Amino acid sequence: IPVRFVSLIGLLLLACGAGESPYPSPAQTYGTYKDAVLGDRPHEVWACFSARYRQLEYEDSLERWLAAWPVERPTRQEAVRRLQIQQEKLINDRIGFLRFDDSTVEADASPFFYFVQEEDGWKVTTHLDPAFRQALEQAVAEGEFRLPFAR
């Protein structure tokens, strides 16, 4: 194949967005998640979740998620309508979080959304995700992140 032809294909793929992550940052992943929740698109919401989150919360079963969606939808929709991002923090190239403005968070809810970097981008996870916790502990040990209450 001529080099010019290969270069042209590469340029066309870049122009069409091929190779770009659909989840390039925690805030953009949250935006995708929010749009999918408000648009009642549970398959797209599922795609925003990390593999570990899917496993921990839904035993990695799309069917289980789809069955839970009608019950979870109203709560998730109400939350994404209310929540306002106060801070996006990349702890390192593996983990990050969003912190929501306290005035937009329900009293019994966490003001954080946690994210892990997967092959196709930043995905929503839970603080209970062992991979997230291990990466956080490592980041703290290596001085990449300081917990607010640590001295």
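Up top is the structure.
These remarks concern the structure in this document. Fair warning: this is a prediction, and the values are worked out from it, not measured in the lab.

Attention shifts here to the environment of S25. You can see S25 is positioned in the loop between α1 (3-15) and α2 (26-38). Separated by 91 residues in sequence, S25 and V116 have C-alpha atoms that sit 9.9 Å apart. Excluding residues within four positions of it along the chain, S25 makes contact with E88 and W122.

Look at α2: 18 Å from first C-alpha to last across 13 residues, which is about the 18 Å you get at 1.5 Å a residue. All of the buried residues in α2 are P26, T29, Y30, Y33, A36 and V37. Projected down its long axis, α2 shows its buried positions confined to an angular sector of 125°, all on one face. Those residues of α2 hidden inside the fold are in contact with α3 (42-48), α5 (62-82), β1 (85-90), β2 (95-100), β3 (112-118) and β4 (121-125). One or two residues past the end of α2 sits D40, with phi positive at roughly 55°.

So, on to the sheet that holds β1. What the four strands build is an open sheet, ordered β1-β2-β3-β4; its pairing is antiparallel. Each having just a single partner strand, β1 and β4 make up the two edges of the open sheet. Pairs of neighbouring strands in the sheet enclose a mean axial angle of 25°, with direction left out of account. Of the pairings in the sheet, the one linking β2 to β3 comprises five bridges and is antiparallel in character. What sits directly across from F97, in β3, is Y114. Sheet strands in contact with helix α6 (residues 130-141) are β2, β3 and β4, and its direction is about 95° off that of β2.

What follows deals with the side chain of R76. Residue placement: R76 occurs in helix α5. A polar atom in the side chain of R76 sits 2.8 Å from the side chain of Y33. A polar contact of 3.4 Å, which involves the side chain of R76, links it to the side chain of Y53. If near-sequence neighbours (up to four positions away) are discounted, R76 is found in contact with Y33, V37, F49, Y53, Y58, W65 and W69.

Below, the discussion takes up α5. Its axis deflected by about 55° at P70, α5 carries its strongest bend there. What α5 keeps buried is the set W65, A68, W69, E72, R76, Q77, A79 and V80. Among the structural elements, α2, α3 and α4 (51-58) are those in contact with the buried residues of α5.

Within the structure shown, the criterion is met by 20 aromatic pairs. Summarising the aromatic geometry, the rings of Y30 and Y33 are spaced 5.9 Å apart at their centres and angled 35° between planes, so their arrangement reads as tilted. Residue Y30 and its partner Y33 are located together in helix α2, separated by three residues, close to a single helical turn. Y33 carries the same exposure label as Y30, and that label is buried. For the ring pair F49 and Y53, a centre distance of 4.5 Å and an interplane angle of 45° mean the geometry is tilted. You can call F49 buried: its relative accessible area is 1%. Members of the aromatic cluster, each reached through a chain of ring pairs, are Y30, Y33, W46, F49, Y53, Y58, W65, W69, F100, F113 and F115.

Rules and cut-offs
- Residues numbered from 1 in each chain as written.
- Predicted model: local features only at pLDDT ≥ 70, side-chain atom pairs only at ≥ 80, totals over all residues.
- Heavy atoms only, no water.
- Helix = DSSP H or I, 4+ residues; strand = E, 2+ residues; numbered from the N terminus.
- Contact = heavy atoms within 4.5 Å.
- Expected span 1.5 Å × (residues − 1).
- Buried < 20%, exposed > 50% of the residue type's maximum accessible area, 1.4 Å probe, protein only.
- Arc of directions from axis to C-beta.
- Pairing = 2+ DSSP bridges.
- Axes fitted to C-alpha atoms, helices over the stretch in contact; angles between N-to-C directions.
- Polar contact = N/O pair within 3.5 Å; in protein donor to acceptor, adjacent residues only side chain to side chain.
- Bend = angle between axes of the 7 residues up to and from the residue.
- Phe/Tyr/Trp six-rings, centres within 6.5 Å; stacked < 30°, edge-to-face > 60°.

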